[in-house]
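Chain and residue survey
One letter stands for each residue in the lines below.
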Amino acid sequence: MSFRYIGSKARLRHAIAKHLRAVGEGKSLFVDLFCGTGAVAEVAADLGWRIRINDHLHCATTMAAARLIAVGQVPFNALRGYRKTVDILNALPPRRGFMWRQYSPASFQAVGVERRYFTRTNACRIDAIRKRISEWRESDLLTDAEHVLLIADLLSATNRVANIAGTYGCFLSRWTPQSQDRLEMRCRSLRVEPVEVVATTTDASNVLVQRDDFVYLDPPYTKRQYASYYHILETITLGDQPRVEGVAGLRPWRHLASAYCYKVQALKALRALISGMASSRILLSYSAEAQIPIRVLKIALSELGLVSCDAVQSIGRYRPNPVASHGTATVKEYLLTLRRDAANSLDEIEA
Ligand SMILES: C[S@@+](CC[C@H](N)C(=O)[O-])C[C@H]1O[C@@H](n2cnc3c(N)ncnc32)[C@H](O)[C@@H]1O
């Protein structure tokens, strides 16, 4: 699955896999507290761990959960299979609904702003597909896993035709060639082997982790707030009709403003999160150009346990728009390992 998502570790997953093997040895549950698209959780599942995923956005946990679904979990018995189900959705007549009203040029009539996120037809296709998925769900024609899979497939289809420069923070004034394509649901390849997964959607600090869990942390490290940058994906996932505002038509998101995105709050939030966790083995992804300088982060973490820091390969800079494309072309990424094993437990270090 290729999905442009700020901070996605898709391109680093092989390098991260090496660290997972080394650091997570002996642990059976992998906990990804800021799972995003689930690129790292998927690697951990491939390596044999049971998985717990969490994110404070429903669209993120949905995308991540869908990557972990095995073919045997989604027979779509009531609808005669995955392929037939997707074909039915692709054949639906367009329907004027919330996406059409708020996020296509039709928004001009309703709110006086022509929001060019989707062509009128594609917005109507999202509306039609989302409505049918809800109806099937209400009629008990979909299992939980089948429901998650279809919503995630709709998010991928939406992303392929969205008239944006990478995030939904704003739409482009000119239509891109992809935005003119017909929105189309596609069947994805599914895992063969099932994996035990628990998914939650809450603030990372609410997730209870055990001493034996292997915790992976990939918090936001820039000022970009995911709740506002991916607001349309959240609305499609929830299937609600929030009161949206501004030129971009943002759903209410401030209650989800992440402390990790603010320079003055990020370190305190991360320290509090890690201090409150029982886990003896924690792996943290962080970037050289983040809200907390790596040097400062290392010092702070070393007060909580034994820290080691490895540079992983540099990845291409995220470019939401041409104006943001200044500076070097790559960003250096780090993996910090924190060990609080019996010999150096937090209690002993603090004593
Ligand atoms: C850097 S991204 C994770 C990327 C992910 N590892 C991937 O490969 O796609 C950070 C994620 O943290 C989530 N997030 C931000 N603040 C959060 C919080 N306080 N609790 C839980 N999730 C949060 C965002 O929604 C976002 O999906």
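Residues numbered from 1 in each chain as written. Predicted model: local features only at pLDDT ≥ 70, side-chain atom pairs only at ≥ 80, totals over all residues.

Brief notes about the overall build of the chain
Within the chain, the secondary structure is distributed over 13 helices and 7 strands. Here the C-alpha atoms of the chain give a radius of gyration of 21 Å, agreeing with the 20 Å that 2.2 N^0.38 yields for 351 residues. For the C-alpha atoms alone, the extent of the chain along its principal axes is close to 65 × 45 × 30 Å. Taking all 351 residues of the chain together, the buried fraction comes to 41%. Counted over contacts in the chain with a minimum sequence separation of 6, partners at least 24 positions apart contribute 73%. (Helix = DSSP H or I, 4+ residues; strand = E, 2+ residues; numbered from the N terminus. Rg over C-alpha atoms; globule rule 2.2 N^0.38 Å. Buried ≥ 20, exposed ≤ 12 C-beta atoms within 10 Å, placed from the backbone. Contact = placed C-beta atoms within 7 Å.)

Comments concerning the domain arrangement of the chain
Here the domain parsing of the chain yields domain 1 (14-62 + 212-220 + 265-351) and domain 2 (69-194 + 224-257). For domain 1 versus domain 2, the separation of C-alpha centres amounts to 30 Å. Considered class by class, the residues forming the side of domain 1 that touches domain 2 number 4 nonpolar, 4 polar and no charged. (Domains from an automatic or database assignment. Nonpolar A, V, L, I, M, F, W, Y, C, P; charged D, E, K, R; others polar.)

Thoughts on helix 2 (residues 39-46)
Counting buried residues in helix 2 gives 7 out of 8 residues, a clear majority hidden from the surface. Taken together, the buried positions of helix 2 are Ala39, Val40, Ala41, Glu42, Val43, Ala44 and Ala45. Next to the buried residues of helix 2 lie helix 1 (13-23), strand 1 (29-32), strand 2 (50-55), helix 3 (58-67) and strand 4 (214-217).

Topic: the packing of helix 7 (residues 120-138) against helix 8 (residues 144-161)
Orientation of helix 7 relative to helix 8, taken along the N-to-C sense of each, is 175°, at an axis distance of 11 Å. Our classification of the angle between helix 7 and helix 8 gives roughly antiparallel. On helix 8, the residues touching Asn122, Ile126, Ile129, Arg130, Ile133 and Arg137 of helix 7 are His147, Leu150, Ile151, Leu154, Thr158 and Val161. For the contact of helix 7 with helix 8, the residue count by class is 7 nonpolar, 3 polar and 2 charged. (Axes fitted to C-alpha atoms, helices over the stretch in contact; angles between N-to-C directions. Parallel < 35°, antiparallel > 145°, perpendicular 65-115°, else oblique.)

Some points on the nonpolar core
Counting 91 residues, the largest nonpolar core has Ala41, Ala44, Ile51 and Leu154 as the members making the most contacts within it. No other element matches the 10 residues that helix 8 contributes to this core. Excluding residues within four positions of it along the chain, isoleucine 51 makes contact with Phe30, Ala41, Ala44, Ala45, Leu68, Val195, Glu196 and Val197. (Core = buried A, V, L, I, M, F, W, Y, C linked by C-beta atoms within 7 Å.)

Description of unusual backbone geometry
At phenylalanine 76, a residue that is not glycine, the phi angle is positive and equals roughly 50°. Considering the arrangement of structural elements, one finds phenylalanine 76 in the loop between helix 3 and helix 4 (82-90). Backbone geometry places aspartate 140, a non-glycine residue, at a positive phi of 60°. With respect to the helices, strands and loops of the structure, aspartate 140 is situated in the loop between helix 7 and helix 8.

With respect to the confidence of the model for the chain
Overall, the predicted model of the chain reaches an average pLDDT of 92, with 91% of residues at or above 70. pLDDT under 50 marks residues 343-351. Its contacts with residues more than four places away, or in other chains, come to 9 contacts. (pLDDT = per-residue confidence, 0-100.)

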